[in-house]
Amino acid sequence: MAELNFNPGDIVVLHLAKDEIEGTILENNDSSFVLLKLKSGYNIGIPKENILASTLVKKFKEEKGNEHVPIKSGAKSIGLIITGGTIASKLDSRTGGVHPLVNPAELARFYPELFSKVNVKKVEVPFKVFSEAMSSEHWIALAQKTKAMLDDPEIQGVIITHGTDTLHYTAAALSFFLKELTKPVVLTYSQRSVDRASSDAHLNLQCAAQMALSDAAEVMLVGHASVNDDFCYALRGTKVRKLHSSRRDAFKPVNAEPLARVFPDKVEFLSSYNKRHSGKTELDISFSDKVALVKFYPGQDASILDFYALKYKGIIIEAAGLGHLPPSDAPHSWLPSLKKHIRNGFVVGIAAQTVFGRVDPYVYSTGRELLDAGVIFLEDMLAETALIKLGWVLGHYGWKKNVKEKMLENVAGELNDRIVL
Ligand code: ASP
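Here is what the cut-offs are and how they apply
- Residues numbered from 1 in each chain as written.
- Predicted model: local features only at pLDDT ≥ 70, side-chain atom pairs only at ≥ 80, totals over all residues.
- Heavy atoms only, no water.
- Axes fitted to C-alpha atoms, helices over the stretch in contact; angles between N-to-C directions.
- Helix = DSSP H or I, 4+ residues; strand = E, 2+ residues; numbered from the N terminus.
- Parallel < 35°, antiparallel > 145°, perpendicular 65-115°, else oblique.
- Left-handed = near helix turned anticlockwise from the far one by under 90°.
- Contact = heavy atoms within 4.5 Å.
- Nonpolar A, V, L, I, M, F, W, Y, C, P; charged D, E, K, R; others polar.
- Phe/Tyr/Trp six-rings, centres within 6.5 Å; stacked < 30°, edge-to-face > 60°.
- Buried < 20%, exposed > 50% of the residue type's maximum accessible area, 1.4 Å probe, protein only.
- Near = heavy atom within 4 Å.
- Polar contact = N/O pair within 3.5 Å; in protein donor to acceptor, adjacent residues only side chain to side chain.
- Areas by Shrake-Rupley, 256 points an atom, 1.4 Å probe, with all protein chains shown as cover.
- Pairing = 2+ DSSP bridges.
- 1 Å grid on protein atoms, 1.4 Å probe; cavity = no way out; pocket = protein on both sides within 12 Å on 5 of 7 lines; lining within 4 Å.
- Points joined across faces, edges and corners; volume = space filled by probe spheres on them.

A few words on the packing of helix H3 (residues 136-150) against helix H4 (residues 167-177). Helix-helix packing: each pair is described by the crossing angle between the helix axes and the interaxial distance. Close contact between H3 and H4 brings their axes to 10 Å; oriented N to C, the two are set at 50°. The angle between the axes of H3 and H4 places the two elements in the oblique class. Helix-helix and strand crossings are classified by hand; for H3 and H4 the assignment is right-handed. Residues Trp139, Ile140, Leu142 and Ala143 of H3 pack against Tyr169, Thr170, Ala173, Leu174 and Phe177 of H4. Residue composition of the contact of H3 with H4, grouped by class: eight nonpolar, one polar and no charged.

Set out below in structure tokens:
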């Protein structure tokens, strides 16, 4: 086997039996192959035994400090907020552990395609956690950082990198917290870390950059549209859910069409959207954590509601089918308990545990009984979005008397009466 004399970041030509390939050596924890970033942006893994020789084209020079982010003259500027998750992690080739990727210069080395398309004017790392460790404090901090970037006249749009697991909760929170949005706010992610040849991070970031420069003033999630590495979808922040634990196209629009098909070099809009406008984005971060999401299952004891009513101001129940819970004559009926707690000011919203579709109280008598008890049927709103919205609505003292009206007001595209379900 040839002796290979290069390090991550070096640009090299690898000589194979029938081919010569030029690219940048990427960090790689598996010593049996070399991970190479091609000029096209794709990464390939080449087994070391297939490499006959290598020629060094350009030695990598370590950049020091945060200020050495490449500047591309004439390119538009975006703001970048890094929060953690796989997209901001790399394998440390020395230890094999996963390390955060938060230094902008290092980030530029891992994601050169993003930095070659736009000027990343500002990078903020408000916190560095996997998304399953987040809470409303993180959503509020993110909204504040985003607002500050949006207020910068040079910044055309904001990209937020985020873990996938609870990304749709954050997307919903930002959708309610940022009102009168003036510019694009794009959340993106990766399911596979950047050191892996199959990483989805590169395409997702390039598409995110396109969307951040587009004229859509929306909170959006941008990522792989399919398992192929060809284009992404931009999905509205209140109408999206993680629906697969590992696929690169884990996020799907729910009860909505994608806003746009996004390629690394262009955006094709598919649905109507709010356009950029002048003025200032408003921050509306009043939020109550005293809300919970409860999944109904057959035979569940109604006494669980006493616990929630004691500790919380309101709950969203993921109910069965069209929004059903056991009727009043069923042994495990929740109705008496619901009636009692709602009378005392407890708020109960109903969303569909089927994920897709709309709840409808008028089809069966059980739905009508719930409606009479004061339960709010939340149309086609996603349960997670409904949870965040309920926390936001209950966080506003002034809305105390019209919680139902607020929950059923379409604030950020969370209700869609046009979709044929
Ligand atoms: N558990 C991680 C997170 O959600 C997975 C990921 O980064 O996608 O942060």
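A word on the environment of Ala53. On the secondary structure map, Ala53 appears in strand S5 (residues 51-58). Separated by 147 residues in sequence, Ala53 and Asp200 place their C-alpha atoms 29 Å apart.

This part is about the packing of aromatic side chains. Inspection of the entire model under this criterion finds 11 aromatic pairs. Taken together, a centroid distance of 3.9 Å and an interplanar angle of 20° make the contact between Phe269 and Tyr273 stacked. The class for Phe269 is partly exposed, based on a relative accessible area of 29%. Ring plane angle 70° and centroid distance 5.0 Å describe the contact between Trp392 and Trp399, whose orientation is recorded as edge-to-face.

So, on to the site of the ligand. In the region of the ligand, the neighbouring residues are Gly85, Thr86, Phe130, Ser131, Glu132, Gly163, Thr164, Asp165 and Ser190. For the ligand, an oxygen atom lies 2.5 Å from a polar atom in the side chain of Thr164. A distance of 2.7 Å separates a nitrogen atom of the ligand from a polar side-chain atom of Asp165. If the ligand stood free it would expose 260 Å²; the protein chains cover 89% of that surface. The residue makeup of the shell around the ligand, split by class, is one nonpolar, six polar and two charged.

Hydrogen bonding along the main chain pairs the strands of a sheet, whether they run parallel or antiparallel. If you trace the eight strands from one edge of the open sheet to the other, you get S9-S6-S10-S12-S13-S14-S17-S18, paired in mixed fashion. For this open sheet the edge positions go to strand S9 (119-124) and strand S18 (266-269), each flanked by a neighbour on one side alone. Strand-to-strand twist of the sheet, defined as the mean angle between neighbouring strand axes without regard to direction, takes the value 25°.

Okay, the environment of Arg236 next. With respect to the helices and strands, Arg236 occurs in strand S14 (residues 232-236). Separated by 58 residues in the primary sequence, Arg236 and Leu178 place their C-alpha atoms 14 Å from one another. Ignoring any residue separated from it by four or fewer positions in sequence, one finds Arg236 in contact with Glu218, Val219, Leu259, Ser272, Tyr273, Ala412 and Gly413. A polar contact is formed between the side chain of Arg236 and the side chain of Glu218, at a distance of 2.9 Å.

Tallying each qualifying case throughout the model produces four cavities of 30 Å³ or more. Reported here for the largest cavity is a volume of approximately 50 Å³. Pro8, Gly9, Thr24, Ile25, Leu26, Glu27, Arg109 and Phe110 together form the lining of the largest cavity. When residues of the lining of the largest cavity are traced back to their parent elements, those giving at least two are strand S2 (20-25) and helix H1 (104-110). Considered class by class, the residues forming the lining of the largest cavity number four nonpolar, two polar and two charged.

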